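Structural features, examined
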Amino acid sequence: MPRTKGDHEARRRDVSAAVWQVMATRGFAGLTLRAVAAELGATTGLLTHYFPTKHTLVEYALDLLEQRTVSRPRRHAGAGLAALRAALLDILPLTPEATDSNRIWVSSWDAALSDPDLSTGYARKYAQSRDRLSELVAAAQELGELPPGDPVRVATGAQSFILGLVVQALFDPAAFPPQRQVKLLDGYLATLTASH
C-alpha cells in the first residue's frame with residue numbers, strides 16, 4: 001500500500017519532535033543522525049531519507065529552531081518602555097521551554113561560527129533583532145520614557161546585555177533564577193532612564 005502525503009507529513013512531524021528533543025537534551029553538538037534515530041526509535045537509514053547528510057540535518061534543525069522561536073507566544077505590553085521590556089523578557093530563559101530554546105541557540109553558535117553561510121544567517125538574525133529593538137527604543141523615546149539619542153546604540157547595548165544574561169543564566173541557573181533575571185533586566189532598564 002503506497003504511503004500518503006499525510007503519512008509523510010506525520011513522519012516529518014515525528015522527526016522534528018525527535019530533532020528538537022535531541023537538541024534540548026544533548027545540545028547542538030549532540031545532534032547526530034544516530035541520536036535522532038534513537039530518539040525516534042528508527043534506523044539511521046530511515047533518517048537519511050529526510051537528511052542525506054549531517055549538514056542537511058543541521059540546516060533543518062536551525063530552521064526548526066527559528067520556526068519555534070518565531071511562533072513562540074509573546075508578551076504584549078502596549079508601547080514604549082513596557083514594550084521594550086516585554087521584548088527583552090521574551091528572550092530570557094524564564095521558563096523551561098525558553099531555557100531549552102536558549103540552550104539550543106547558544107550551543108548552535110559553534111556550528112554557525114565554523115560555517116560561513118550559517119554565520120551570515122546568524123548575523124542577519126541578530127541584526128533583525130536589533131532593528132526591532134531599535135524601533136521599540138525609538139517609540140519609548142518619542143513617548144518621553146527614554147532620553148533622546150541614537151536608538152540603534154541603545155538597542156545594541158540592550159541586546160548585548162540580554163544575551164550576556166542569557167549565557168550566565170544557562171551556565172549558572174541557581175545563581176540566575178527567573179526572578180533574578182527579571183530584577184537584573186529592570187535594573188538595566190532603570191539605568192537607561194536614569195539620565196532622563
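Residues numbered from 1 in each chain as written. Predicted model: local features only at pLDDT ≥ 70, side-chain atom pairs only at ≥ 80, totals over all residues. Heavy atoms only, no water.

Helices and strands together make up the secondary structure of the chain, namely nine helices and zero strands. Scanning the chain from its N terminus toward the C terminus, one meets helices and strands in the order α-α-α-α-α-α-α-α-α. In terms of overall dimensions, the chain has C-alpha extents of about 70 × 35 × 30 Å along its principal axes. Here the analysis covers contacts within the chain between residues at least 6 apart in sequence; of these, 63% occur between residues at least 24 apart. For the chain, the exposed area adds up to about 10800 Å²; of that, 57% sits on carbon and sulfur atoms. Here the chain holds 21 positive side-chain charges and 20 negative ones, and the gap between their average locations is 5 Å. (Helix = DSSP H or I, 4+ residues; strand = E, 2+ residues; numbered from the N terminus. Contact = heavy atoms within 4.5 Å. Areas by Shrake-Rupley, 256 points an atom, 1.4 Å probe, with all protein chains shown as cover. Lys, Arg positive; Asp, Glu negative; His and termini not counted. Charge placed at Lys NZ, Arg CZ, Asp CG, Glu CD.)

Turning to the packing of aromatic side chains, a few remarks are in order. Any aromatic ring pair is given by two values, namely how distant the centres are and how the planes are angled relative to each other. A full pass over the atoms with the stated rule returns five aromatic pairs. Between phenylalanine 51 and tyrosine 60, the ring centres sit 5.0 Å apart and the planes meet at 50 degrees, which makes this aromatic pair tilted. Looking at tyrosine 60, the relative accessible area reads 15%, which means it is buried. Taking 4.3 Å as the distance between ring centres and 10 degrees as the angle between the ring planes, the aromatic pair formed by phenylalanine 161 and tyrosine 188 counts as stacked. With phenylalanine 161 in helix H8 (residues 151–171) and tyrosine 188 in helix H9 (residues 178–194), the pair connects residues that are 27 residues apart, well separated along the chain. We classify phenylalanine 161 as partly exposed; its relative accessible area is 25%. Take tyrosine 188: its relative accessible area is 16%, and that puts it in the buried class. Grouping aromatic residues by their ring pairs yields a cluster made of Tyr50, Phe51 and Tyr60. The side chain of arginine 180 reaches across the aromatic face of phenylalanine 176, ending 4.6 Å from its centre. (Phe/Tyr/Trp six-rings, centres within 6.5 Å; stacked < 30°, edge-to-face > 60°. Buried < 20%, exposed > 50% of the residue type's maximum accessible area, 1.4 Å probe, protein only. Lys NZ or Arg CZ within 6 Å of the ring centre and 35° of its normal.)

Glancing now at the nonpolar core. Counting 30 residues, the largest nonpolar core has Val19, Met23, Phe28, Leu31, Val36, Leu47 and Phe51 as its most contacted members. Counting residues per element, the ones that place at least two in this core are helix H1 (5–26), helix H2 (33–40), helix H3 (44–50), helix H4 (54–71), helix H6 (96–113) and helix H7 (116–142). Those residues within four positions of phenylalanine 28 in sequence are excluded, and the remaining contacts are Met23, Val58, Ala61, Leu62, Ile104, Ser107, Ser108 and Ala111. Among the nonpolar cores identified, the runner-up in size contains 26 residues, and Val106, Ala158, Val166 and Ala169 belong to it. (Core = buried A, V, L, I, M, F, W, Y, C linked by side-chain atoms within 4.5 Å.)

Without other data, these values stay purely geometric and don't point to any function.
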